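Understanding the architecture of this molecule
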Amino acid sequence: MRKHTVLPVLVLLAVLAGLSGCGKEGTPPPKGPQASALPSYQVRSGDAVTGSPTLDAARSRGHLVVGAKEDQPYLGQKNPATGEYSGFDIEIARMVGADLGFAPEQIEFRTIASANRETALQNGQVDYYVGTYTINDNRKKLVGFAGPYFIAGQSLLVRKNETGIDGPQDLAGRKVCSAAGSTPYQRIQKDYPQAKLIGYDTYSACVDNLITGQVDAVTTDNAILQGYAAKVPDELRIAGQPFSTEPYGIGVPKNDTVLRLALDDALQRHEQNGDWKKAYEATLGLSGVPAPEPPAIDRYQ
Ligand code: GLU
């Protein structure tokens, strides 16, 4: 059993809270890739897309409500002091929002956990959702997906000194944590039933438990885990290779095909004009992985 270490937890809590010291005087420069400028997005006229009930409601409200994550470094993070969201998913939400006629300041982000995404879209709590949301056939029965705009793969995060875990086959009898309702959680449950699977609402709760020794591994997409590992490289590392394909989509209400196809067009436009790459390099790229080619958009019937 590993000794309880208080300091790394405090460090992690601080970084997850977005208090990593940016802008403070005397803060040493961060290791790895340096932040580049975020793109700015050209806002199209408000009536550029017609016939979407979701957008009609957003226009009369005066702003978009977009579902996101708030504790995933470089992807979707909320600064607790300012309430500002940032990260690659947040930029995706902003760039496509601009094409729908909404400036970044006309987007209100709302944090929705993995397990609650479909209901949030079905109940109209959010207009669309951008938060490491894997497109799959089960979910397509409940919601629509624009995209994909990124491809991730399920991986494992372990403590730096872990020697026994190199892939999901090594999880038998070990405690592995993931977010309830996520595809990585479901895959461990189904394909690796010998693992002792623990479900929390968020991956940051899992990571806290990994650092304190309560669990032996955290499993979710590599894109998410790379962010946590990059924040505390002395404590955590990714083990082995990705063992699934997780295409990220923008979740929309199932029957709003006009909105879904408008978002597909918007993604394509921003991939072609360089915004996508620029946004990646200013966000997710900071976890150390260079920008891949964006995947082909799937305008499914
Ligand atoms: N991409 C996976 C999913 O949609 C894991 C990440 C998440 O829970 O957001 O379930």
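Scope of this entry: the structure provided in the associated data block. Owing to the predicted nature of the structure, the values given are computational and were not obtained by experimental measurement. (Residues numbered from 1 in each chain as written. Predicted model: local features only at pLDDT ≥ 70, side-chain atom pairs only at ≥ 80, totals over all residues. Heavy atoms only, no water.)

Turning our attention to the overall build of the protein. Check the secondary structure of the protein and you find ten helices and 13 strands. Counting across all 301 residues of the protein, residues that qualify as buried make up 51%. For the protein, the proportion of contacts with a sequence separation of at least 24, taken over those separated by at least 6, is 73%. With an accessible surface of roughly 13,400 Å², the protein has 51% of that area assigned to carbon and sulfur atoms. (Helix = DSSP H or I, 4+ residues; strand = E, 2+ residues; numbered from the N terminus. Buried < 20%, exposed > 50% of the residue type's maximum accessible area, 1.4 Å probe, protein only. Contact = heavy atoms within 4.5 Å. Areas by Shrake-Rupley, 256 points an atom, 1.4 Å probe, with all protein chains shown as cover.)

A word on helix α10 (residues 275-282). Buried residues of α10: Asp 275, Trp 276, Ala 279, Tyr 280 and Ala 282, and no others. On its buried face, α10 is in contact with α3 (88-99), β7 (143-152) and α9 (257-272).

Here the focus is the pattern of salt bridges. This model, assessed by the stated rule, comprises 14 salt bridges. Across the pair Asp 127 and Arg 61 runs a salt bridge, and its minimum N-O distance is 2.8 Å. Here the residue Asp 127 occupies a position in the loop between α4 (117-122) and β6 (128-129), and Arg 61 occupies one in helix α2 (residues 53-61), the gap between them amounting to 66 residues. Two residues, Arg 110 and Glu 108, come together in a salt bridge whose shortest N-O distance is 3.1 Å. Overall, the relative accessible area of 33% leaves Glu 108 in the partly exposed class. Through salt bridges with shared partners, a single network forms among Arg 159, Glu 162, Arg 174 and Asp 216. (Salt bridge = Lys/Arg side-chain N within 4 Å of Asp/Glu carboxyl O.)

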